[in-house]
Amino acid sequence: MKQKTIYRVTFLNQERIYEVYARQVSQCDLFGFVAVEELVFGETSSVVVDPGQERLRNEFNDVKCTFIPMHSIVRIDEVEKEGIAKITNINKDNNVSHFPSSIYNKPPENLN
């Protein structure tokens, strides 16, 4: 029996790095978005509860497909098995936020 492919998708969202696992990742019909479908969360045990993974599970509860802006994607990896989904803060000790930028800006015309 062939094992289904699993992808680890790492992306930026509101000054946080999200790492989720999904069975399908594809280019989307919406311009500039990546479709991430069939999110996979590890087995939960009644003894040990990971609050980060539980928060992600609640955030993506009942989500059939999520559309992530292409410029927010950091990395997409094909992996053998799912790991622990997590959220990491970018600026732990820094209170400075980066100004939002876009990869769709028109380049300057006068480069000479």
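Preceding this section is the structure that the text describes.
What comes next concerns the included structure. (Residues numbered from 1 in each chain as written. Predicted model: local features only at pLDDT ≥ 70, side-chain atom pairs only at ≥ 80, totals over all residues. Heavy atoms only, no water.)

Some details on a nonpolar patch on the surface
Right, on to step 1. A cluster of nonpolar side chains, namely L12, I17, V74 and I90, defines an oily patch on the protein surface of about 300 Å² accessible area.
Right, on to step 2. Within the secondary structure, L12 is located in strand β1 (residues 6–13). (Patch = residues over 30% accessible without salt bridge, like charges linked within 9 Å, V, L, I, M, F, W, Y side chains within 5 Å. Areas by Shrake-Rupley, 256 points an atom, 1.4 Å probe, with all protein chains shown as cover. Salt bridge = Lys/Arg side-chain N within 4 Å of Asp/Glu carboxyl O. Helix = DSSP H or I, 4+ residues; strand = E, 2+ residues; numbered from the N terminus.)

Quick word on unusual backbone geometry
Right, on to step 1. Backbone geometry places Q14, a non-glycine residue, at a positive phi of 50°.
Right, on to step 2. Along the chain, Q14 falls in the loop between β1 and β2 (16–27).
Right, on to step 3. A residue is classified by how much of its surface remains accessible, and Q14, at 66% relative accessible area, is exposed.
Right, on to step 4. The backbone phi angle of E38 is positive, close to 55°, even though this residue is not glycine.
Right, on to step 5. Here E38 shows up in strand β3 (residues 33–40).
Right, on to step 6. By relative accessible area, E38 is classed as partly exposed at 37%. (Buried < 20%, exposed > 50% of the residue type's maximum accessible area, 1.4 Å probe, protein only.)

With respect to the environment of L39
Right, on to step 1. Among the secondary structure elements, L39 is positioned in strand β3.
Right, on to step 2. Separated by 25 residues in the primary sequence, L39 and K64 have C-alpha atoms spaced 8.1 Å apart.
Right, on to step 3. Residues contacting L39, with those up to four places away along its chain left out, are V20, Y21, A22 and F60. (Contact = heavy atoms within 4.5 Å.)

A word on the pattern of salt bridges
Right, on to step 1. Per the stated rule, a full pass over the model turns up two salt bridges.
Right, on to step 2. Two residues, D77 and R75, come together in a salt bridge whose shortest N-O distance is 2.8 Å.
Right, on to step 3. Judged by its relative accessible area of 49%, R75 falls in the partly exposed class.
Right, on to step 4. If you follow the salt bridges from partner to partner, you end up with R8, R75 and D77 in one network.

A closer look at the nonpolar core
Right, on to step 1. Of all hydrophobic cores here, the largest spans 15 residues; its most connected members are V9, F11, V20, V36, L39, L56 and F60.
Right, on to step 2. At the level of secondary structure, the elements contributing two or more residues to this core comprise β1, β2 and β3.
Right, on to step 3. The contacts of V20, once residues within four sequence positions are left out, are Y7, R8, V9, F11, L39, L56, F60 and A85. (Core = buried A, V, L, I, M, F, W, Y, C linked by side-chain atoms within 4.5 Å.)

Points about the environment of I73
Right, on to step 1. Mapping I73 onto the fold places it in strand β5 (residues 73–79).
Right, on to step 2. Using a relative accessible area of 19% as the deciding quantity, one classes I73 as buried.
Right, on to step 3. As for I73 and F11, which are separated by 62 residues in sequence, their C-alpha atoms are 4.3 Å apart.
Right, on to step 4. With sequence-adjacent residues up to four places away left out, I73 is seen in contact with V9, T10, F11, V34 and I68.

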